Amino acid sequence: MPFRRLPRQSRQLMAYVLAGGLTAVAHYGVLIGLVELAQVDPVPATLAGFVVGAVVSYVLNRWMTFEATRSHAQATWRFGLIAVGGFGLTWVLMHLFVTRLGLPYLPMQFVTTGFVMVFSFLGHKFFSFADRAG
């Protein structure tokens, strides 16, 4: 596999981007489906999408991205704490952008995703999975 020749950090970043892309498809699919088809308000719809995306993210990142040194029992509650932080950050930003400022939900979800992605990567790397240095 040609990726094996890349430095570890580059492989990890590529895996994180791939896992993030698949997580985003799950999250955005639920968000858009609930808003456009079920007429759900964008803030609760994005929180539902976040939960679905979090499950996808855990499975993919544990498998592909991080060299997990913790068992599932240890990593799951740690992942959950970071996910709760990301959930709260999603709620605050989307509530501010969409409900308070009246901005369109989809572009504001893109902005929110950027913030949550950085927060989540750092939290999962250094807390959830205790990735080995190197």
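Report follows, based on the coordinates. This is a predicted model, so every value here is computed, not measured.

A few words on the packing of aromatic side chains. Throughout the structure, instances matching the rule amount to 5 aromatic pairs. Here the aromatic rings of Trp77 and Phe127 are separated by 6.0 Å at their centres, their planes lie at 85°, and the arrangement is edge-to-face. Within this pair, whereas Trp77 is found in helix H3 (residues 72-100), its partner Phe127 is found in helix H4 (residues 105-128), the two being separated by 50 residues in sequence. Trp77 sits in the partly exposed class, given a relative accessible area of 46%. Exposure remark for Phe127: the relative accessible area of 27% places this residue in the partly exposed category. Above the face of the Phe127 ring, Arg78 is positioned so that its terminal group lies 4.6 Å from the ring centre.

Taken together, the side chains of Leu96, Leu101 and Leu103 present a nonpolar region at the surface, about 250 Å² in accessible area. Assignment of secondary structure puts Leu101 in the loop between H3 and H4.

Glancing now at H3. For H3, built from 29 residues, the straight-helix expectation of 42 Å at 1.5 Å per residue is met to within 8% by its first-to-last C-alpha distance of 39 Å. Of all the bends in H3, the largest measures some 25° and sits at Met94. What H3 keeps buried is the set Ala75, Arg78, Phe79, Ile82, Ala83, Gly86, Thr90, Leu93, Met94, Phe97 and Val98. Positioned one or two residues after H3, Gly102 has a phi angle of 70°, which is positive.

Turning next to the layout of surface pockets. Put simply, the second largest pocket is a space of about 410 Å³. As for the second largest pocket, its lining consists of 23 residues, and the residues nearest its centre are Thr23, Ser57, Val116, Met117 and Ser120. In terms of residue count, helix H1 (residues 8-37) provides more of the lining of the second largest pocket than any other element does, 8 residues in total. Grouping the constituent residues of the lining of the second largest pocket by class yields 10 nonpolar, 13 polar and no charged.

The rules behind the values
- Residues numbered from 1 in each chain as written.
- Predicted model: local features only at pLDDT ≥ 70, side-chain atom pairs only at ≥ 80, totals over all residues.
- Heavy atoms only, no water.
- Phe/Tyr/Trp six-rings, centres within 6.5 Å; stacked < 30°, edge-to-face > 60°.
- Helix = DSSP H or I, 4+ residues; strand = E, 2+ residues; numbered from the N terminus.
- Buried < 20%, exposed > 50% of the residue type's maximum accessible area, 1.4 Å probe, protein only.
- Lys NZ or Arg CZ within 6 Å of the ring centre and 35° of its normal.
- Patch = residues over 30% accessible without salt bridge, like charges linked within 9 Å, V, L, I, M, F, W, Y side chains within 5 Å.
- Areas by Shrake-Rupley, 256 points an atom, 1.4 Å probe, with all protein chains shown as cover.
- Salt bridge = Lys/Arg side-chain N within 4 Å of Asp/Glu carboxyl O.
- Expected span 1.5 Å × (residues − 1).
- Bend = angle between axes of the 7 residues up to and from the residue.
- 1 Å grid on protein atoms, 1.4 Å probe; cavity = no way out; pocket = protein on both sides within 12 Å on 5 of 7 lines; lining within 4 Å.
- Points joined across faces, edges and corners; volume = space filled by probe spheres on them.
- Nonpolar A, V, L, I, M, F, W, Y, C, P; charged D, E, K, R; others polar.

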